[in-house]
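Coordinate analysis (summary)
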Amino acid sequence: MQLHLSLSCVLAGVLASAALAQAPSTPPTAKSTLKPDRWLEDWRWVDAADEEAPPLKNLPFGPNGTWRLTLGGEGRVRAETRDPPEFGIGNLDAVTAVNFRGLVHANAELGPNLRLFVQAGSWGQQGRDVPRIFDEAEFAVQRAFADITLTPETSLRLGRQDLYKSSSRLLFPVDIFNYQLVHDAAALRYKSGPVRAQLFHGERFLTGPGVLEPRDLGGETVTGLFYERTFDALPGYDFGAFILHQETDIGAFPRRLGPEERTSWIARGARKSGPWTVSAEAGVQTGEARGADISSWAFATEVIRKLDAPLNPALTLRIDGASGDDAATPERETWATLAPIMGYLGRTGDYAATNVIGVYPDISFDAAPDLRLSIGGEVSWRASDTAGIGAPGGAAAYLPPGAPGDGPILYGAILKGRWAPSARWDLNGELTWLEPAGALKDFGGEGRLNAVLSLTTRF
């Protein structure tokens, strides 16, 4: 309760911030309006009576045609092969699987102060003898919420929604599985000029394999305050502060046994100046898990340098890290990921974002019209020699605590490409090779090849 009151007081201060004028925007197009997060699309610029207008967008209905309805959908096919899985430690055969997902959505604007968004669909897979909990659903309501405008800057979102979308890489979930992390929640949202903030409380929702079937892995409630802004006195800079409180019962997701009470405190800063973009963030987690105090940390950094040269090359360097459970201390020192796969610490979800520090350089360039390629590398080592290395989800499966061995545990290289010929089509591919070293190699780790091809279409 004290945390909830503190967050409310902080948000009250946010709502009192002075608003700055919005920067002018360029005229919208279908290409600029279509987005991976479909609820962010704004099709009000479309004249539905125009024969050349995008179909099913901004359709008039309701009293005197004053309400507006937008329909859309998307499909995704994602094929992946891993040889061998788990770096050969689990003696598993190579896995080749195809995931497919179809979603349709409706966005209804019922006057100036109310809009409804519903997204539903079905997904499945072929290739895995035992599907993962994220792989299959005959029919599921993925998102369903109402946005109520309270003031020009403030709105209340009620229903099934995404809560962690922010500038923080320690929070941001990556869309790899068929299921996408959502919560049944209430979120008070504020946006004015340089200020972006939200205060929320909700419960995690997981789909089951059937029709409108929820999956019970134990309850988890979350309460958070995210605050991001820029300052006129510091042009080019962007700052963020994020507080997230989680309470979990006896369930295990992702692979963490409860009961658990954990609070994440994250600060982030970024600057964009000319060809340079630099960002850094750090977080700590406190609380209690299975009767032991929590004391963990994580960080994520990124430097991008665009070059004025043919093919528009850019150099990127990421250095990320997170703590692990040190066998010499009684504390729970594992940084707990907030979604199954995060946007930091590893490129393809090969290991849990715990007890690892990684360096990831790459260079990207335009190889052809609408085709962007990047070539990168990876060097990773243990943050603590007395803690283990886990598989994705948090289980210590690859390397036990205290395993002998010095130096890095992984070397790797990756080739990635993205071809986006239009707003409706997006083709992504990647080929990754990771070679165990040091303690991971001594424990029996083998080199692993991973190939992914993903095609998404939107309308």
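Residues numbered from 1 in each chain as written. Predicted model: local features only at pLDDT ≥ 70, side-chain atom pairs only at ≥ 80, totals over all residues. Heavy atoms only, no water.

As for the overall build of the protein
Per the secondary structure count, the protein includes three helices and 19 strands. Expected size for 459 residues packed as a compact globule is a radius of gyration near 23 Å; at 23 Å, the protein falls within 12% of this value. Structurally, the protein occupies a C-alpha span of about 75 × 55 × 50 Å along its principal axes. Split into buried and exposed, the 459 residues of the protein put 44% on the buried side. Counting only contacts in the protein whose residues sit at least 6 apart along the sequence, the fraction spanning at least 24 positions is 57%. Working note: accessible area of the protein is about 21400 Å², and carbon and sulfur atoms make up 61% of it. Across the protein, the mean location of the 44 positive side-chain charges is 5 Å away from that of the 55 negative side-chain charges. (Helix = DSSP H or I, 4+ residues; strand = E, 2+ residues; numbered from the N terminus. Rg over C-alpha atoms; globule rule 2.2 N^0.38 Å. Buried < 20%, exposed > 50% of the residue type's maximum accessible area, 1.4 Å probe, protein only. Contact = heavy atoms within 4.5 Å. Areas by Shrake-Rupley, 256 points an atom, 1.4 Å probe, with all protein chains shown as cover. Lys, Arg positive; Asp, Glu negative; His and termini not counted. Charge placed at Lys NZ, Arg CZ, Asp CG, Glu CD.)

Notes on the packing of aromatic side chains
Taken as a whole and assessed by the stated rule, the structure comprises twelve aromatic pairs. Taking 6.3 Å as the distance between ring centres and 15 degrees as the angle between the ring planes, the aromatic pair formed by Trp 297 and Phe 299 counts as stacked. A residue is classified by how much of its surface remains accessible, and Phe 299, at 22% relative accessible area, is partly exposed. Grouping aromatic residues by their ring pairs yields a cluster made of Trp 39, Phe 117 and Phe 145. Lys 57 extends its terminal NZ or CZ atom over the ring of Trp 43, reaching a point 5.0 Å from the ring centre. The ring of Phe 145 carries the charged tip of Arg 157 above its face, separated from the ring centre by 4.2 Å. (Phe/Tyr/Trp six-rings, centres within 6.5 Å; stacked < 30°, edge-to-face > 60°. Lys NZ or Arg CZ within 6 Å of the ring centre and 35° of its normal.)

A word on the pattern of salt bridges
Tallied over the full model, the rule gives 24 salt bridges. The partner of Asp 37 in a salt bridge is Lys 165, and the shortest N-O contact between them spans 2.8 Å. In this pair, Asp 37 sits in the loop between α2 (30-33) and β1 (59-61) while Lys 165 sits in the loop between β6 (154-161) and β7 (182-192), placing the two residues 128 residues apart along the sequence. Among the ionic pairs, Arg 196 bridges to Asp 238, the shortest N-O distance being 3.2 Å. Note that Arg 196 is positioned in strand β8 (residues 195-205) and Asp 238 in strand β10 (residues 234-248), a separation of 42 residues in sequence. The class of Arg 196 is partly exposed, set by a relative accessible area of 26%. Where salt bridges share partners, they join Arg 38, Glu 41 and Glu 74 into one cluster. (Salt bridge = Lys/Arg side-chain N within 4 Å of Asp/Glu carboxyl O.)

Things to note about the nonpolar core
Nonpolar side chains in soluble globular proteins generally cluster together in the buried interior. In terms of nonpolar packing, the biggest core is built from 45 residues, with Tyr 164, Phe 200, Tyr 351 and Tyr 398 touching the most fellow members. Listing elements by their share of this core, those giving two or more residues are β5 (137-149), β7, β8, β9 (220-231), β10, β13 (292-306), β15 (356-368) and α3 (438-442). With three residues, the single largest contributor to this core is β7. Here Tyr 164 is in contact with Leu 171, Phe 172, Pro 173, Leu 181, His 183, Phe 200, Val 222, Phe 226, Leu 244 and Leu 338, once residues within four sequence places are set aside. By size, the runner-up hydrophobic cluster in this structure holds five residues, among which are Leu 34, Trp 43, Val 46 and Ala 423. (Core = buried A, V, L, I, M, F, W, Y, C linked by side-chain atoms within 4.5 Å.)

Notes on the pairing of β5
In this sheet, β5 lies alongside strand β4 (residues 114-126) in antiparallel orientation, the contact comprising nine bridges. Among the inter-strand pairings, Arg 115 is bridged to a residue of β5, identified as Asp 147. Across six bridges, β5 lies against β6 in antiparallel orientation. Its bridge partner being in β6, Phe 145 is matched across the sheet by Gly 159. (Pairing = 2+ DSSP bridges.)

Observations concerning the confidence of the model for the protein
Per-chain confidence: the protein averages 89 in pLDDT, with 91% of residues scoring 70 or above. This model gives residues 1-24 a pLDDT under 50, and the stretch forms 29 contacts once residues within four places in sequence are excluded. (pLDDT = per-residue confidence, 0-100.)

Here we look at the pairing of strand β11 (residues 260-273)
With twelve bridges joining them, β10 and β11 adopt antiparallel strand pairing. Bridge pairing links Asp 238 to Ala 270 in β11. When β11 meets strand β12 (residues 276-289), the two strands line up antiparallel, connected through 14 bridges. Directly across from Lys 272, in β12, lies its bridge partner Thr 277.

A word on the side chain of Ser 380
On the secondary structure map, Ser 380 appears in strand β16 (residues 371-382). For Ser 380, a relative accessible area of 0% corresponds to the buried category. At 2.8 Å, the side chain of Ser 380 forms a polar contact with the side chain of Glu 378. Contacts of Ser 380, omitting those with residues within four sequence positions, involve Tyr 351, Val 356, Ile 357, Gly 358, Tyr 360, Pro 408, Ile 409 and Leu 410. (Polar contact = N/O pair within 3.5 Å; in protein donor to acceptor, adjacent residues only side chain to side chain.)

Focus on the environment of Thr 66
On the secondary structure map, Thr 66 appears in the loop between β1 and β2 (67-83). On the accessibility criterion, Thr 66 (51% relative accessible area) is exposed. Considered as a pair, Thr 66 and Ala 439 are 373 residues apart in the sequence and their alpha carbons are 66 Å apart. Looking at Thr 66, its side chain comes within polar contact range of the main-chain oxygen of Pro 63, at 2.7 Å.

Some remarks on a negative patch on the surface
Taken together, the side chains of Asp 47, Asp 50, Glu 51 and Glu 52 present a region of like negative charge at the surface. As for its position among the elements, Asp 47 is in the loop between α2 and β1. Accessibility expressed as a relative area gives 49% for Asp 47, which makes it partly exposed. (Patch = residues over 30% accessible without salt bridge, like charges linked within 9 Å, V, L, I, M, F, W, Y side chains within 5 Å.)

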